[in-house]
Structures are given as structure tokens and as C-alpha cells.
Amino acid sequence: MPDPNGAFIPPAKPHIGEEEIEAAVAVLRSGMVVQGPEVAAFEDEFTAVSGTAHCVAVNSGTSALQLSLMAMGVGPGDEVIVPSFSFAASANAVRLVGADPVFADIEPGSFCIDPAQVEALIGPKTVAIMPVHLYGHPADMTRLVEIAERHGLAILEDACQAHGAAVDGKPVGSFGIAGTFSFYPTKNMHSLEGGMVSTDDAQFARTLRLLRNQGMEQRYANEIVGANMRMTDVAAAIGRVQLRQLDGWTEQRRANAARFDAAIKTVTTPPVAAGARHIYHQYTVRVEGDRDGALERLKAAGVGSAVYYPTPIHKLIPYAHMNVELPVTDKAAAEVLSIPVHPSLSESDLDRVIDAVNALEA
């Protein structure tokens, strides 16, 4: 049974406060509800997170990936190297533009794509590398940029879990031709639903704006074939409120993670690479042995936990025919367990999480 001295602690807790509600209502009353001033302001303000000259808002993180690949000209006959240890959207976006994902293994510590694996997989059809900054830990962008430049490849960063992560002080989303972010409710900040593409390339940004709006910059003056992947002003208004709180929430996540690092003894806690700024979208440990039993024991103690991701993408039905062998990925998928690290945790919550995890050894 859950701890009678405290409520159940969820693994994630999206924040929707009065300020977000008031911002959404103000937009509804204004009548400017789609692709209006709130979207433009959100795009401008998010450049402080991405460290890029331009940001383009869209309706989801998946759309951000897909439209970026379209703007890059990626299509049938092309290959994009991606990690299999990620949410399916990373590979799905490649398939949606008609190209083929090529799955690379991961580094065991960061859970991010292994640069050595990337280089070994480069072939005549390879056009891009898509590193995923998983759980909020940045991929090894120093090595990946060097590999991409040496082989003439583009980099598209999947930063959908990494708002504010950085490598040697440089924000993720600013290393490649583009970076993509998600504002799904469980992310470190959200807009109910939404996405953003970051880039330093003005022409690339304009192409994205055309693609998200049926190929139009001016009404009925369609320049290219596009889609309807716009962000609403309601979403942008909520995102702007959340963005103002992101730094504080991030520091609380990092403080919670430091507390866990120091106190948890029974499982392998997540290491952080030199020069990496981890923003702990998830605090993901490794459980060797009975992970399902650990999930149940934590639940019985009133502590929520979750597995991201139990099935690597290369073993999902749409991709299983590729018969890829990725041993480091498979091991991670069998061991990972994410415990609550969100900024809503109280001091007593943190103590309860630590005690419940440390009790797993008994």
C-alpha cells in the first residue's frame, strides 16, 4: 500500500497554473488564436534557450522533426543515422519524408548515440545524423560535429527532451542546421502541445515557415507544397508563461538530481559527461535484475516510476524487419527506470523517493 503519511508521488507532474490559464483566456478573448502575435513573441523569446538566431513554432515536436527534414531536402533514397534508444518519433519523422533511418547504438553512460557507431554506419546514401539528447543529457556534439563536417553531412538535433541542456556552455539546438524541441505536457516546459525548430540559417527558417503553413507566407500566395502544422496562439501564450519559469524549474530538477546522486546507493545513478549540462527531463537509473519487481515495490511505497523506453525502435513492428543488432541499446532497454525528479517534489517527497529506491536492495 502507498505510504499513509504522504500522497502518491507521480513520475511526472505537468504544471498548469493560474497564469497559464489567464494567458490562454486572454488569447481566446482577443480573437487572434492561430499564428498570431503570441506565436511570434514565443519564437523570439525561445531563442534565448536555443542560442540561435531564429526559432519557428509548430504544432508538435514530431512536426518539428518532419518539417526540418523536409526543409533539408531529405527524401526517398536518403539515409539518416539515428539512435534506436529513443521515442519512436525520432525514426518516424525520417520515414514520414520517405527516407530510411539507420540505427546506431548508444553510449552506456549518457544513453545518447555513440559517435564511433555513427562513423561506422556512414555510407553513400547517408545525408544526415540525428542525435537525440535523451532524458535531458546532451549527446557528444563535439565528436558528432567533427564527424559530420569531415563527411559532409548535416546534423539535425532532436532536443525534444533537452530544453536548456548544453555542451561546454553551448546550448543544444545550436550545433546543427537545426534543433527541434517539444512542448508536450510532461516535458520540462510545455504549451499543452507544440514544438519549435531552432536554426541560425535565415533561409532555412523561412522555408520552415512556408512548410508549416501550406507553403504560404502571404495568404493564397502558395510558393511551395506545404502542410498545416501551425502552432495556436493559445499554445504559444501558455508556452511563454512556462518559458519564464523554465530556468527556475531546471535548477530545481538539477538540485533534486544532485540529492539523488549523493543518497541513492542501490541502483546505478545516471553519470554526466564532462562539459555536459544535464537538465534531467528524466532521472534514469539502471536496475540490474527484477526491474518489474522494482516498479511494483516503488508503487507500493507510494512512489511512481516509469520505463522510457522498454522496446527500442529497431524492435518495433515498423522497423523489426531491419534485423539490427544493438547490444548496448538492448541492455539499456532492459534496465532503465525513471524516478520522479520534477520541480514539484517537496523535501519530504525527495526523502520518500530516496528511501523507497534504497529499500530495493533489501
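To be clear, the structure that these remarks concern was listed above.
One structure accompanies this document, and this report is about it. Bear in mind the structure is a predicted one, so any value in this text is a computation, not a measurement.

A few words now on empty space enclosed by the protein. Taken as a whole, this structure holds 1 cavity of 30 Å³ or more when the rule is applied. Its volume calculated, the largest cavity comes out at about 40 Å³. Every residue lining the largest cavity is listed: Gly109, Ser110, Phe111, Tyr135, His137, Pro270, Pro271, His278, Gln282 and Thr284. Taken together, the residues of the lining of the largest cavity break down into 4 nonpolar, 6 polar and no charged.

The next subject is a nonpolar patch on the surface. On the surface, a nonpolar cluster with roughly 310 Å² of combined accessible area is contributed by Ile16, Ile21, Val25 and Leu192. With respect to the helices and strands, Ile16 occurs in the segment before α1 (18-30).

Right, let's talk about the environment of Gln161 for a bit. Looking at where Gln161 falls in the secondary structure, it is placed in the loop between β5 (154-158) and β6 (166-167). What makes Gln161 buried here is its relative accessible area of 9%. Separated by 36 residues in the primary sequence, Gln161 and Lys125 place their C-alpha atoms 28 Å from one another. The residues contacting Gln161, other than those within four sequence positions of it, are His133, Leu134, Tyr135, Gly136, Lys187, Ile279, His281 and Tyr309. Within the structure, Gln161 has its side chain in polar contact with the backbone nitrogen of Tyr135 (distance 2.7 Å).

What follows deals with the nonpolar core. Formed by 30 residues in total, the largest nonpolar core has its most connected members in Leu69, Val80, Val94, Phe103, Met130 and Leu208. Residue assignment for this core shows that the elements contributing at least two residues are β1 (54-58), α3 (61-72), β2 (79-83), α4 (89-96) and α7 (202-212). In terms of residue count, α3 provides more of this core than any other element does, 5 residues in total. Once residues within four sequence positions are removed from consideration, Val94 is found in contact with Leu69, Val80, Val82, Ala99, Asp100, Pro101 and Met130. Grouped together as the second largest cluster of nonpolar side chains are 27 residues, Val132, Met141, Ala148 and Ala333 included.

Bringing the sheet that holds strand β7 (residues 170-171) into the picture now. Reading across from one edge, β7-β6-β10 is the order of the 3 strands in this open sheet, with antiparallel pairing throughout. For this open sheet the edge positions go to β7 and β10 (276-277), each flanked by a neighbour on one side alone. Bridge count between β6 and β10: 2 bridges; the pairing is antiparallel. The residue bridging Val167 from the neighbouring strand is Ala276, located in β10.

Taken as a whole, the largest pocket spans an internal volume of roughly 420 Å³. Looking at the largest pocket, it is lined by 23 residues, and the ones nearest its centre are Phe87, Ser182, Tyr184, Lys187 and Tyr309. When contributions to the lining of the largest pocket are tallied by element, the ones reaching two or more residues are α3 and α4. With 3 residues, the single largest contributor to the lining of the largest pocket is α3. Of the residues that constitute the lining of the largest pocket, the class distribution is 10 nonpolar, 10 polar and 3 charged.

What counts and how
Residues numbered from 1 in each chain as written. Predicted model: local features only at pLDDT ≥ 70, side-chain atom pairs only at ≥ 80, totals over all residues. Heavy atoms only, no water. 1 Å grid on protein atoms, 1.4 Å probe; cavity = no way out; pocket = protein on both sides within 12 Å on 5 of 7 lines; lining within 4 Å. Points joined across faces, edges and corners; volume = space filled by probe spheres on them. Nonpolar A, V, L, I, M, F, W, Y, C, P; charged D, E, K, R; others polar. Patch = residues over 30% accessible without salt bridge, like charges linked within 9 Å, V, L, I, M, F, W, Y side chains within 5 Å. Areas by Shrake-Rupley, 256 points an atom, 1.4 Å probe, with all protein chains shown as cover. Salt bridge = Lys/Arg side-chain N within 4 Å of Asp/Glu carboxyl O. Helix = DSSP H or I, 4+ residues; strand = E, 2+ residues; numbered from the N terminus. Buried < 20%, exposed > 50% of the residue type's maximum accessible area, 1.4 Å probe, protein only. Contact = heavy atoms within 4.5 Å. Polar contact = N/O pair within 3.5 Å; in protein donor to acceptor, adjacent residues only side chain to side chain. Core = buried A, V, L, I, M, F, W, Y, C linked by side-chain atoms within 4.5 Å. Pairing = 2+ DSSP bridges.

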